[in-house]
Structure formats: structure tokens, C-alpha cells
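Each chain is listed here by its residues.
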Amino acid sequence: MPPIVNPELGLIFWQVVIFGIVLLLLRTFAWKPILSSLKERESSIEGALRMADQAKLEMQELKAGNEKLLAEARLERDRILKEATAVSNQLIEQAKTKATEEGARMIEQAREAIQNEKNAALAEVKGTAAKLSIDIAERILRRELTDQPAQQQLVDSYLQEVKLN
Amino acid sequence: MKRLLIALFCILSLPVFAQEHGSAAAEGAKTEEFRPGDMILHHIGDSHEWHWFSTDNDHFTTYLPVIAFRPGKGVSVFSSRNLAEGKVYDGLKLEHEKLEAEDGGKVYDFSITKNVASLMLSAAILLLVFTAVARGYAKRGTGAPRGIQSFFEPLIVFIRDEVAKKSIGPKYERYMPYLLTVFFFIWFNNLLGLLPGAANLTGNIAVTLTMAVITLLVTLFSSNKNYWHHIFATPGVPKALLPIMIPVEVIGIFVKPFSLMVRLFANITAGHIVILSFISLIFIFKSVAVSPVSIAFGLFINMLELLVAILQAYIFTLLTAMYIGGAVEEHHDADYQMGGGDGADNAHAAH
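Residues numbered from 1 in each chain as written. Chains lettered and ligands numbered in written order. Predicted model: local features only at pLDDT ≥ 70, side-chain atom pairs only at ≥ 80, totals over all residues.

1. What about the overall build of chain A?
Argument step 1. Along chain A, the regular secondary structure elements total two helices and zero strands.
Argument step 2. Relative to the compact-globule value of 15 Å for 165 residues, chain A shows a C-alpha radius of gyration of 64 Å, a clear excess of over 25%.
Argument step 3. Oriented by its inertia axes, the alpha-carbon framework of chain A measures out at about 200 × 25 × 20 Å. (Helix = DSSP H or I, 4+ residues; strand = E, 2+ residues; numbered from the N terminus. Rg over C-alpha atoms; globule rule 2.2 N^0.38 Å.)

2. Some thoughts on the pairing of strand 2 (residues 59-63) of chain B
Residue and element names in this part refer to chain B.
Argument step 1. Sparse coverage of strand 2 is indicated by the burial of zero of its five residues.
Argument step 2. Alignment of strand 1 (residues 49-54) against strand 2, held across five bridges, turns out to be antiparallel. Each residue of the ladder has a partner; that of F53, found in strand 2, is F60. (Buried ≥ 20, exposed ≤ 12 C-beta atoms within 10 Å, placed from the backbone. Pairing = 2+ DSSP bridges.)

3. Observations concerning the UniProt feature "transmembrane region" (unreviewed entry) in chain B
Argument step 1. What UniProt calls "transmembrane region" (unreviewed entry) maps, in this numbering, to residues 116-138, 175-195, 201-220, 240-258, 264-285 and 297-324 of chain B.
Argument step 2. The straight-line gap between the two end C-alpha atoms of residues 201-220 of chain B is 26 Å; of that span, 80% is helix and 0% is strand. (UniProt positions renumbered as here; feature names shortened; annotations may be inferred.)

4. What to know about the nonpolar core
Nonpolar side chains tend toward joint burial in soluble globular proteins.
Argument step 1. The biggest cluster of nonpolar side chains holds 78 residues, and the ones touching the most others in it are A164, L179 and F183 of chain B.
Argument step 2. Elements represented by at least two residues in this core include exactly helix 1 (9-144) of chain A together with helix 2 (36-44), helix 3 (114-140), helix 4 (148-168), helix 5 (176-194), helix 6 (205-222), helix 8 (242-285) and helix 9 (291-328) of chain B.
Argument step 3. Top element by residues in this core is helix 9 of chain B. It accounts for 15 residues.
Argument step 4. When neighbours within four sequence positions are excluded, F183 of chain B is seen to be in contact with I159, A313, Y314 and T317 of chain B.
Argument step 5. Counting eight residues, the second-largest nonpolar core is a separate cluster that includes I67, A68, L83 and F110 of chain B. (Core = buried A, V, L, I, M, F, W, Y, C linked by C-beta atoms within 7 Å. Contact = placed C-beta atoms within 7 Å.)

5. Comments concerning the domain arrangement of chain B
Argument step 1. Taken domain by domain, chain B consists of domain 1 (50-112) and domain 2 (115-350).
Argument step 2. Computed over C-alpha atoms, the centres of domain 1 of chain B and domain 2 of chain B are 32 Å apart. (Domains from an automatic or database assignment.)

6. Looking at the pairing of strand 3 (residues 65-70) of chain B
Look at any regular strand and the pattern is simple: side chains alternate between the two faces of the sheet.
Residues and elements named next belong to chain B.
Argument step 1. Pairing analysis gives six bridges linking strand 3 to strand 4 (residues 74-79), with the strands arranged antiparallel. Opposite R70, over in strand 4, you have G74 as the bridge partner.
Argument step 2. Joining the antiparallel neighbours strand 3 and strand 4 is a turn of three residues, in which G72 adopts a positive phi near 95°.
Argument step 3. Of the pairings in the sheet, the one linking strand 3 to strand 7 (residues 108-109) comprises two bridges and is antiparallel in character.

7. Overview of the interface of chain B and chain A
Argument step 1. Listed per partner, the contact involves 37 residues of chain B and 32 residues of chain A.
Argument step 2. At the level of secondary structure, the elements contributing two or more residues to the side of chain B that touches chain A comprise helix 2, strand 7, helix 3, helix 4, helix 5 and helix 6 of chain B.
Argument step 3. By residue number, the principal contributor to the side of chain B that touches chain A is helix 3 of chain B, which donates 13 residues.
Argument step 4. Split into classes, the residues belonging to the side of chain B that touches chain A amount to 26 nonpolar, nine polar and two charged. (Nonpolar A, V, L, I, M, F, W, Y, C, P; charged D, E, K, R; others polar.)

8. What about the environment of A99 of chain A?
Argument step 1. Position of A99 of chain A among the secondary structure elements: in helix 1.
Argument step 2. Remark: the alpha-carbon pair of A99 of chain A and E138 of chain A, spanning 39 residues in sequence, is separated by 57 Å.

9. So, the packing of helix 3 of chain B against helix 5 of chain B
Residue and element names in this part refer to chain B.
Argument step 1. With their axes 10 Å apart at the nearest point, helix 3 and helix 5 run at an angle of 120° to one another. As far as their axial angle goes, helix 5 and helix 3 are oblique. In this structure, helix 3 crosses over helix 5, and the sense of that crossing is right-handed. Here S118, S122, I125 and L126 of helix 3 lie close against helix 5, whose contacting residues are F184, F185, F188, N189 and L192.
Argument step 2. Of the residues assigned to the contact of helix 3 with helix 5, the class counts are six nonpolar, three polar and no charged. (Axes fitted to C-alpha atoms, helices over the stretch in contact; angles between N-to-C directions. Parallel < 35°, antiparallel > 145°, perpendicular 65-115°, else oblique. Left-handed = near helix turned anticlockwise from the far one by under 90°.)

10. Some details on the sheet that holds strand 3 of chain B
Argument step 1. Read across the sheet, three strands follow the order 4-3-7 (chain B) without closing on themselves; strand pairing throughout is antiparallel. This sheet does not close on itself; its edge strands, each paired only once, are strand 4 and strand 7 of chain B.

11. A closer look at unusual backbone geometry
Residue and element names in this part refer to chain B.
Argument step 1. Positive phi outside glycine occurs at D90, with the angle close to 55°.
Argument step 2. You can see D90 is positioned in the loop between strand 4 and strand 5 (92-95).
Argument step 3. Judged by local crowding, D90 falls into the partly exposed class, with 16 C-beta atoms found within 10 Å.
Argument step 4. Non-glycine residue K286 carries a positive phi angle of around 50°.
Argument step 5. With respect to the helices, strands and loops of the structure, K286 is situated in the loop between helix 8 and helix 9.
Argument step 6. Of the residues examined, K286 has 8 C-beta atoms within 10 Å and is grouped as exposed.

12. Points about helix 3 of chain B
Argument step 1. Here helix 3 of chain B spans 39 Å end to end across 27 residues, near enough to the 39 Å set by a 1.5 Å rise per residue.
Argument step 2. Positive phi appears at G141 of chain B, one or two residues downstream of helix 3 of chain B, with a value of about 60°. (Expected span 1.5 Å × (residues − 1).)

13. Comments concerning the environment of L304 of chain B
Argument step 1. Tracing the backbone through its elements, the reader meets L304 of chain B in helix 9.
Argument step 2. For the pair formed by L304 of chain B and P71 of chain B, sequence separation is 233 residues and the distance between their alpha carbons is 46 Å.

Below, the structure is given as C-alpha cells:
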């Protein structure tokens, strides 16, 4: 065999020894820490990505929840406004009715009082007129007994007094 | 990519070798004749010294330690300076870079050769670089990567997601350290091999053989019942054909790592040979006028080699992952049906 394709024992020996040592040393001090760091980094990146996705999802959920809440609040507000309008209308209506009734009642009372006063006044006028008549009659009767012109004058003066009254 | 390289290699290197033989025959009498074949083989081969460069008078060379074991004589360790230029030391001499005993006895050569030194250098670089990367992770935890960490992270993640997870399936984690080490070891050494004056480590058959055998052992030790069932009782094959099928499948077990070994070796060596061939053209034609062409083509191939460096590391890793995947898979679903054959087609399909 030409020397170029004839493997030498010495080089094989050294290759086995040195390659073996390099393999063992690199395995312990290089490949294992490197590969485990790579793995760790990859898993941490993966974890971070997954967390980001989750956060995004949560954000979306939160946003959707907020919107729902907002829509509900809006509906509630509308409902409350509507109810309040209804209630106020009702109240106004009630007050109006009550006021009308009260007015009517007060007018009725006033009318009754006026009637009573009128009746009382009429009765008093009647009494006073009767008393005056009696008084006049009494005085006439008293003067008649004395003199005729004086009598007349007296009647006139009395009548005048009545008129003044 | 690989086919393109081989085609380039075939077209461009043939004239070089022809030239060599022609000139060797014609001017064989002349001494100091430039022989590109020898020069190239010397450059891609291993050496007991690290030769950086030479000037007219001086050689700049680092002499590396020789470690020899001889049965009965024990281990001897000394500098390769003692063996330079054919000198004999302690009964040992170098014959074409091969350590031999003077008395013809058996010698086991465990020298720190140029390739071994380069191997140690690359091991140190790998350890420095990846402990620095790991420190980045320790410091920043799950934070964003920075500096050297952010350069290597995509590659590590690519090997994990595109190679290991897809080829091995759910049990990929056990094999990640091996796959990552193989990928970066081959890539770094391919790049180191492209530097001027550097060794051709991943283009050395001993290195690729060792890595392929480790892959084979990992595959065999992680194999499950399904894997052996497919080899010795391939589903859907008539009983009468089993005597043919079983040897084919058994050979297949060994062909897979063999293809790994040859692919890496051939790709890297071919690249080096092509670059060296272009540079040799200058010396073959003995003309400076050729150098722009040589440099342009050499530069182009060098750029190509940068791509091949990572591509071959990827292919070796991918096929290793596929072989392991074939051995550990539980159910034969279509996605993972990659265990059969050489696997090279899958690799091409993967691009």
C-alpha cells in the first residue's frame, strides 16, 4: 500500500487518546452547559410568548366585559330615566287633581259661608227693621199724644235718621 | 461539490503527473530535478519534524519528539533533530519518514509527529473556544448571546435541529456531544490544514479511520432489536434470498463507516493536491510568467476549500447521525428510512 492510504499506528493511538479527551472535556465543560442553556432559553421564550398570548386574551375578555357592563349601565340609565319621567308625570297629574278638588271644596265652603253670612245678615236686618218699626211706632205713638206738626216733624226726622243709617 | 472537486483534480493533476514522468525520463540524469509528485506527497504526508519554510541556505524547522517502542528494548524518547538528514540515533533511522530500526527489528512509532502536534493544537483551540462559549452562557444565562457565543450558537442549533433531531429522532440528546465534537473537530482541523505550513490532519487516513471506527462503535453499541432484525431478517424479503441478503447487509455495516473514512480523507487530500499542483506548475515550467495563473487558480481552489472544510464536516456529522438514527429507530417510518446504503445520496439530497 502506498503510504498515503496506509494508516499509521502512532497517529491512530494519538487520535484515539486526544479525540477521546477532547470529547469528554467538551461534553462536560461545553456541550452540556451550552445545550441546557439553549433549552432553558427556548423554554423561557416559549413561556413568555404563551404568557403574552394569554395576557392578550385576558385583555380582550376584559374589554368585552367592560363593554358589556357599559351597555348594561346605559340600559339601566335609560330605564331609570323612563321610570322617573313616568313617576313625575304621575305625581304632577295627582297634584293637579288634588289641587282642583281642593279648590272646588274651598269654593263650596266659601259659598256655604257666604250663604250663612247672608242668611244671618238678612235675619239681623229683619230683626233691626222690626225693632226700628217698633221704635218708630212707639215714638209716633208717644208724639201723637202731644202735637200734630211736631208729630210730623218728628216722623220726618226719624225717617231722615233711618235714611242716614 | 465533491464531484466537481474530483473532476477538477482529475483534469488538472493528470498533466502534472505526466509532466513529472516525462521530465523524469528525459532528464533523469540531472540531480536536484523537481519532482512534483514527490513534493506533493511529502506535503500531504506526515513528518517527524515541522518544516515551516526554507530560504536558500536555511531551513526553518521545529524538531518534534520521537517516541519509539521496540519489544525487548523498551521505549526511547528523543528529538527528531538526531534523525535529521538520514542520521542514525539509538539504532533508529528515518526511511522516507518511516521510523525503522537499523537491525531490521520491529518498531512501534508513537512519535509526536507533525500531525500529532497539529492534533494537540486543534484540541487546545477547541477547548479554549468552546469553554469560552460555555462561559458566555454561564454569564448571560437565558439572555441574548454575544460575541463568540453568538457566532457558534447558530451552528450548534443547526447541528441539533437539522442534523440530530431530524436524523436520530427523539433519542437525539444522548448523541449531541459526539456529533458536536465531530463536527467542530473536523471543521477546525480542515481550516487549520489550509494554513500555510500546517499539517494535513483530516486528510490523513489514520485520523479519518479512527473517527469512522468510533462512529461504527457508537452505532453498534446503540443499536436495538429492530436494527439487527433488519440485517438478519430483512422484512419483505423471501426466505430463499436471505443467504444473499445477510452478507450484503453485514457488509453494509462496515461499508458505511468505510465510506465516511474515504470521503473525508479523499476530499481534503484532493484539495491539497490540487492547490499544490497549481503551485508546482511554476516550477515545472520554470517560468515566473505562469505564477499569475497558478496563484489565481490556487486562490480559487483555496476559497473552494474553505467551503469544502465546513461541508465535509457537515456531511460526516450528518451521515454519522443517520447511521445512529438507523440503529436506534423503533418504527420504520418513511422519514427516518436512511440507514440503508452508503448514505451519500441522502447527503446530496439534503443540500
